[in-house]
Amino acid sequence: MRTNRFMMLTVVVAVCATVHASPFAMGADKVLPPIGERFADPAVDETPNFQKHVIPLMGRLGCNGRACHGSFQGRGGFRLSLFGYDFHADHLALLDEESPRVDLENKEESLILVKPTDADLHEGGKRYALGSWEHHVLRNWVTAGAEFDKADVQKLVSLEVSPSEVQFAKAGEHHQLRVVAVWENGQREDVTPLCRFKSNDELIAEIDENGLMVGNERGDTDLIVSYDRAVVAVPVIRPTTDLVGDRYPQVETPTRVDELVVDKLRKLGIVPSDRAGDAEFLRRVRLDLTGTLPSEQEVVEFLASESPNKRAKKIDELLETPAYAAWWTTKLCDFTGNNEQNLNNVSPMRNSAPQEWYSWIKRRVEENTPYDELVSGMVTATSMREGQSYREYCEEMSSIYRDEDKSYADLPAMTHYWSRRDFQNDIEARAIGFAYSYMGLRIQCAQCHKHPFDQWSKDDFHQFKNFFSRVVAGRAGGAPREYRDEYNQLVKELGLKGLRGNELRRKLPDLLKEGKSIPFPVTSVGDRIQRTRNPDEDFPEFTTAKFLGGETLDVEALEDPRVELMNWLRSPDNPFFAKAFVNRVWASYFNVGIVEPADDLALGNPPSNKALLDYLASGFIESGFDMKWVHRTIANSRTYQSTWKPNDTNGKDERNFSRAIPRRLPAEVALDALQQATASDRRVAELLASNEGRAIAIPGAGSRGGDRDQRFILSVFGRSTRESNCDCDRSSEPTLLQTVLLQNDDAMLRMIDIRKDSWLQDAANELGIQKRGQASPQNARRVVAVRKQLGVARNKLNQFRKNDNAKGVAEAKRRIAALEKTLRQMQPEEKPATDVAELDEATSEKVARLITAAYLRTVSRYPEEGELQRTQEHVREADDPVEGLRDVLWALLNTKEFIVNH
């Protein structure tokens, strides 16, 4: 039954995705010539079709664009549907009695014929000339009665574009596209003059309104062809070098991923970068898979290993770590919207919902639950088990909060997804959020008009939203409609009768601690369709639900429409579900997705490597939606393990995966890296063994996660706000404030300083120097300020030395001496084990080892010989070796090499 159900989906997807290399194999006589040829003769007696010819022509002329009659206000009392796919509404607008554009009594005087041909009369300027083929098309339609039958809208089966791919060799080279529409009645028509054409990158290729492309600079992009509801992408390539064809060198492609990547690179004349060294690979894969820096010991052991399979073994090892589960749970919480601001009053236990959401997903990531099952537990979630009474449900939920050996993660379903404040009584928000989270689609445009870069119409959106129209999500402190009597009885037994809202909610946690069962909100499936909060008076409410690009169902006849939606979502024929996940994982590893942005799988935003995306998606499905299969397949590829260092061919490539792209650490990863790099060895071991205290394990996005310093650092580094349906809620852009924070922020300097469980304290202990006394609370801020000034002075000293500025060197040394004296006066003196001269000689080997440790724990590599010599000299010149090591650590934390994953 399921196979038949998705046959229709396959056909409809072909409407917008099918591109044939040879559309004219049947012979030119079987294709209706272009409308521009057929209507060139003013005596033509053919009557144009409103759907096939009139509306597309008005789109080409710009009539239904945003700047003209397609705007929400319309122009001159005349409004068309934006981008023109609401044929019925547009036909009514053209014949509107108050402001008709078609005059059926004086047809030749119709405004649709008169105004656009007169630049003075028409506010939008002259759109076509009298006697042109465009004029003849509109004239013949008007004189034939301006007819349109909404029951006779025809389905476009496919849009065939030739050539299906354009490769050009030099700037100025021209290629003409030809577009043939194939309708369900078998008719084939050359619709090139009626299409809208767009280039995704005009620096590489431009295309005019007639489909004539001209090549420009080297690189690759796509031409987008739109007609009716179809959107087709045509790849365009101009090789970046002459290393194409037989001149392309032999390249290692050990995996299918590598073969597909190199297939595209070969067309571009781009050679992949060399394989990354072990240190570079280890740091990258540790950060990508687990959001965690490798430990000092881990780097040493990995670099020393001579096992030929050590990289594959390391990948498998990392997939079993607590940090992998924590970091990828955080990523899934980003995509699904775990935002504490939207989860107020979802649970009777205040502020517990974000942690419960996180824990529920984390349990399934730890167990490697198939991704479709994880999603199903959210999509089809209801609160109560079959046959369970409301009282039994409340008793079960109360026991979860009371008993230490029970957890919200034990529940088979996670209802908080539907209880979000932004989803309350808003089925359109549910549809938009669902499409974003699980399909990687931005469908909000279709709420009001035809999507400009995809196939979705307003009808599609408003039927799709009905899958969510029967979900009823309760809030803590409110009576579930279906169980009002049981709820009221329970409230009465608890002595809470008459209490409502916050007054009631404040009492519930205390009652729970007393061992009593308290009322819980219920998420269920109601019997009736909820109507749109602000319905469009001009748009009908549907009683059916329709899969995007698929069949239509009677939503009221289904026990739970979301079950059918989930079956469609996980079907092998679904064009979105698997692709959305693998594309997001790929984007996390390569800085850009195969489709970029990664949450916009629109037809007008095609993949840079379609074959690669198809391979990963089909493999993901065949693996049983095994999330670790995706990570393992990508990380084991030669493509992923390429160095970031460019060669002569790929320095400008950032979308075809010929090299690793250095990218700033995500906010949570950056904060954890700072904490780990400055922590004692004992504390590092704790952090790696558990997620306690880690930023990658903070559950919700909002003001409550972590302490004040952590929240500030996470905000500066662009942690996802999870406020909208967009991956752009997380920022990866570098900013000046981030630089200032790393150099001078109090929280940052406190991490570096000697403190309990700090690396600097370990260093002092190893050097035999007693722990320096802590500054009094009154002097703490002044100590930090003086240390900032000291850091600036030392930077100036190094700069003066590089420039051979003797006077500057002397002044800087005096400044440093004065600041160090001030610092000593502000802090109690420790008693060194020996005098400085004796200490330097006795501990030079220890200092070298500590400097090496600083490199390993920050940039995950051994220092080069010159780096080791310079840092040793700096430590020797410092009055205090520990302060010298502090400077080294500070400097390493402020390198791009530390804050960037490369």
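1. What to know about the state of the cysteines
- What the rule picks out here adds up to 1 disulfide.
- The residue that forms a disulfide with Cys726 is Cys728, at a sulfur-sulfur distance of 2.1 Å. Torsion about the S-S bond of the Cys726 and Cys728 cystine: about 130 degrees, corresponding to right-handed handedness.
- By relative accessible area, Cys728 is classed as exposed at 56%.

2. Some points on the sheet that holds strand β7 (residues 205-207)
- Reading across from one edge, β3-β8-β7 is the order of the 3 strands in this open sheet, with antiparallel pairing throughout. Single-partner strands in this sheet number two, and they are β3 (174-176) and β7. When strand polarity is set aside, the average angle formed by the axes of neighbouring strands in this sheet is 20 degrees.
- Note that β3 and strand β8 (residues 212-215) share 3 bridges and pair antiparallel. Within β8, the residue paired with His174 across the bridge is Val214.

3. So, helix α30 (residues 759-766)
- Those residues of α30 that fall on the buried side of the exposure criterion are Trp759, Leu760, Gln761, Ala763 and Ala764.
- Where α30 ends, the next residue or the one after it, Gly768, has phi of about 75 degrees, a positive value.

4. Here's the deal with the nonpolar core
- Tyr371, Phe434, Tyr438, Phe464 and Trp586 are the most contacted members of the largest nonpolar core, which totals 176 residues.
- With 9 residues, the single largest contributor to this core is helix α12 (residues 322-336).
- What Tyr438 contacts, discounting residues up to four positions off in sequence, is Thr336, Tyr371, Val375, Met378, Val379, Tyr417, Leu569, Phe577 and Ala580.
- Core analysis: the second largest hydrophobic core is formed by 50 residues, Phe78, Ala93, Ala181 and Met213 among them.

5. With respect to the pairing of strand β4 (residues 178-183)
- Burial analysis of β4 places 5 of its 6 residues in the buried class, the great majority of the element.
- Pairing of strand β1 (residues 156-162) with β4 involves 6 bridges; the strand directions are antiparallel. Its bridge partner lying in β4, Ser162 is registered against Arg178.
- Pairing of β4 with strand β5 (residues 188-190), which is carried by 3 bridges, proceeds in the antiparallel orientation. Paired with Val182 across the bridge in β5 is Arg188.

6. Overview of the confidence of the model for the protein
- When pLDDT is averaged along the protein, the result is 87; 89% of the residues meet or exceed 70.
- Within the model, pLDDT remains below 50 along residues 1-28, and this stretch shows 59 contacts once partners closer than five positions in the same chain are excluded.
- In this model residues 773-778 is a low-confidence stretch, pLDDT under 50, and it forms 6 contacts with partners more than four residues away in sequence or in other chains.

7. Looking at the packing of aromatic side chains
- Going through the model one piece at a time under the given rule, you end up with 34 aromatic pairs.
- Ring centres of Trp183 and Tyr227 lie 6.2 Å apart, and the angle between their planes is 75 degrees; this geometry places the pair in the edge-to-face category. Taken together, the residues span a long stretch of sequence, with Trp183 in strand β4 and Tyr227 in strand β9 (residues 219-227) at a distance of 44 residues. Across the pair, Tyr227 and Trp183 agree in class, each one buried.
- Taking 5.2 Å as the distance between ring centres and 65 degrees as the angle between the ring planes, the aromatic pair formed by Phe434 and Tyr438 counts as edge-to-face. Of the two residues, Phe434 and Tyr438 are both situated in helix α17 (residues 427-439); the distance of 4 residues between them amounts to about one turn of the helix. As far as the burial class goes, Phe434 and Tyr438 line up, both buried.
- One residue, Arg364, lies across the ring of Trp360, its end atom 3.8 Å from the ring centre.
- Directly above the aromatic system of Phe423 lies the positively charged group of Arg420, at a separation of 3.9 Å from the ring centroid.

8. So, α17
- Counted at 1.5 Å a residue, the expected span for α17 with its 13 residues is 18 Å, and the 17 Å between its end C-alpha atoms agrees.
- Across the 13 residues of α17, 13 count as buried, placing the element largely inside the fold.
- Regarding α17, its N-cap is Asp426, as a side-chain oxygen of that residue lies 3.3 Å from the backbone nitrogen of Glu428 further along.
- Two residues or fewer after α17 comes Gly440, characterised by a positive phi angle close to 65 degrees.

9. Focus on a positive patch on the surface
- A cluster of like positive charges, contributed by Arg481, Arg484, Arg500 and Arg528, occupies part of the molecular surface.
- Considering the arrangement of structural elements, one finds Arg528 in the loop between β12 (523-525) and β13 (544-546).
- With relative accessibility at 60%, the residue Arg528 sits in the exposed group.

10. Remarks on the sheet that holds β5
- A sheet is described by the order of its strands in space; here 3 strands give the open sequence β1-β4-β5, paired in antiparallel fashion. Two strands bound the open sheet, and with one partner strand each, they are β1 and β5. On average, each strand axis in the sheet is tilted by 20 degrees relative to the strand beside it, whichever way the strands run.

11. Some words on the environment of Val161
- Position of Val161 among the secondary structure elements: in strand β1.
- Separated by 18 residues in sequence, Val161 and Val179 place their C-alpha atoms 4.6 Å apart.

12. Concerning the packing of helix α13 (residues 353-366) against helix α14 (residues 371-379)
- Where α13 contacts α14, the axes come no closer than 10 Å and their chain directions differ by 155 degrees. Between α13 and α14, the interaxial angle falls into the category roughly antiparallel. Of the two elements, α13 crosses α14, and the hand of that crossing is right-handed. Contact with α13, carried on its side by Trp357, Trp360, Ile361, Arg364 and Val365, involves Leu374, Gly377 and Met378 of α14 and no other residues of that element.

13. A closer look at the pattern of salt bridges
- For the structure on display, the rule yields 52 salt bridges.
- Residue Arg256 pairs with Glu259 through a salt bridge whose shortest N-O separation is 2.8 Å. Here the residue Arg256 and the residue Glu259 both occupy positions in helix α8 (residues 256-268), the gap between them amounting to 3 residues, near one helical turn.
- Under the relative-accessibility criterion, Glu259 is labelled partly exposed at 31%.
- Taking the shortest distance from any N to any O, the salt bridge between Glu877 and Arg801 comes out at 3.0 Å. With Glu877 in helix α34 (residues 865-877) and Arg801 in helix α31 (residues 777-802), this pair connects stretches of sequence that are 76 residues apart.
- You can call Arg801 partly exposed: its relative accessible area is 29%.

14. Side note on the packing of helix α22 (residues 577-590) against helix α23 (residues 610-622)
- At a minimum axis distance of 9 Å, the contact between α22 and α23 shows a crossing angle of 115 degrees. When the axis of α22 is compared with that of α23, the two are roughly perpendicular. Here α22 and α23 pass one another in a crossing that is right-handed. Here Ala578, Lys579, Phe581, Val582, Asn583 and Trp586 of α22 lie close against α23, whose contacting residues are Leu612, Leu613, Asp614, Leu616, Ala617, Phe620 and Ile621.
- When grouped by side-chain class, the residues that make up the contact of α22 with α23 number 10 nonpolar, 1 polar and 2 charged.

Parameters and conventions
- Residues numbered from 1 in each chain as written.
- Predicted model: local features only at pLDDT ≥ 70, side-chain atom pairs only at ≥ 80, totals over all residues.
- Heavy atoms only, no water.
- Disulfide = S-S within 2.5 Å.
- Buried < 20%, exposed > 50% of the residue type's maximum accessible area, 1.4 Å probe, protein only.
- Pairing = 2+ DSSP bridges.
- Helix = DSSP H or I, 4+ residues; strand = E, 2+ residues; numbered from the N terminus.
- Axes fitted to C-alpha atoms, helices over the stretch in contact; angles between N-to-C directions.
- Core = buried A, V, L, I, M, F, W, Y, C linked by side-chain atoms within 4.5 Å.
- Contact = heavy atoms within 4.5 Å.
- pLDDT = per-residue confidence, 0-100.
- Phe/Tyr/Trp six-rings, centres within 6.5 Å; stacked < 30°, edge-to-face > 60°.
- Lys NZ or Arg CZ within 6 Å of the ring centre and 35° of its normal.
- Expected span 1.5 Å × (residues − 1).
- Polar contact = N/O pair within 3.5 Å; in protein donor to acceptor, adjacent residues only side chain to side chain.
- Patch = residues over 30% accessible without salt bridge, like charges linked within 9 Å, V, L, I, M, F, W, Y side chains within 5 Å.
- Areas by Shrake-Rupley, 256 points an atom, 1.4 Å probe, with all protein chains shown as cover.
- Salt bridge = Lys/Arg side-chain N within 4 Å of Asp/Glu carboxyl O.
- Lys, Arg positive; Asp, Glu negative; His and termini not counted.
- Charge placed at Lys NZ, Arg CZ, Asp CG, Glu CD.
- Parallel < 35°, antiparallel > 145°, perpendicular 65-115°, else oblique.
- Left-handed = near helix turned anticlockwise from the far one by under 90°.
- Nonpolar A, V, L, I, M, F, W, Y, C, P; charged D, E, K, R; others polar.

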